[in-house]
Amino acid sequence: MNANQIIKLVVRIVMRKAINGGINAGMRKVSGARGAQPAPRPQPQHTQAPPAPQAELGPNDSKIQRKLAAKRAARAAKAAARTNTG
């Protein structure tokens, strides 16, 4: 074996492993298999603040909340219609 053949052999092995690793990771991610994404790190308990109590909403705040709720409902209806027709 000459040096050219040895180099080609090594490059072929490395490329095969890299491509197979990428394909396997992509397939795991698409299939939703566990371990496809690294697990999120748990946050220390002392850094999490308790949820703030909800303040009373003023007239403008309640109007904004109603608009946001309407947008969410419209998005949900659109998504439901899309899945029913497909």
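Above this text you will find the structure in question.
## Comments concerning the overall build of the protein chain
- A count of helices and strands for the protein chain gives two helices and zero strands.
- Across the 86 residues in the protein chain, those meeting the buried criterion constitute 0%.

## Some remarks on a positive patch on the surface
- A contiguous patch of positive charge, built from Lys63, Arg66, Lys67, Lys71, Arg72 and Arg75, is present on the exposed surface.
- Mapping Arg66 onto the fold places it in helix H2 (residues 59-85).

## Quick notes on helix H1 (residues 3-31)
- Spanning 29 residues, H1 covers 42 Å between terminal C-alpha atoms, matching the ideal 42 Å at 1.5 Å per step.
- Just past H1, the residue Gly32 takes up positive phi, approximately 75 degrees.

## Re a nonpolar patch on the surface
- Together, Met1, Ile6, Leu9, Val10, Ile13 and Val14 give the surface a local cluster of nonpolar side chains, amounting to about 560 Å² of exposed area.
- Along the polypeptide, Val10 turns up in helix H1.
- Val10 sits in the partly exposed class, given a relative accessible area of 45%.

About the criteria used
- Residues numbered from 1 in each chain as written.
- Predicted model: local features only at pLDDT ≥ 70, side-chain atom pairs only at ≥ 80, totals over all residues.
- Heavy atoms only, no water.
- Helix = DSSP H or I, 4+ residues; strand = E, 2+ residues; numbered from the N terminus.
- Buried < 20%, exposed > 50% of the residue type's maximum accessible area, 1.4 Å probe, protein only.
- Patch = residues over 30% accessible without salt bridge, like charges linked within 9 Å, V, L, I, M, F, W, Y side chains within 5 Å.
- Areas by Shrake-Rupley, 256 points an atom, 1.4 Å probe, with all protein chains shown as cover.
- Salt bridge = Lys/Arg side-chain N within 4 Å of Asp/Glu carboxyl O.
- Lys, Arg positive; Asp, Glu negative; His and termini not counted.
- Charge placed at Lys NZ, Arg CZ, Asp CG, Glu CD.
- Expected span 1.5 Å × (residues − 1).

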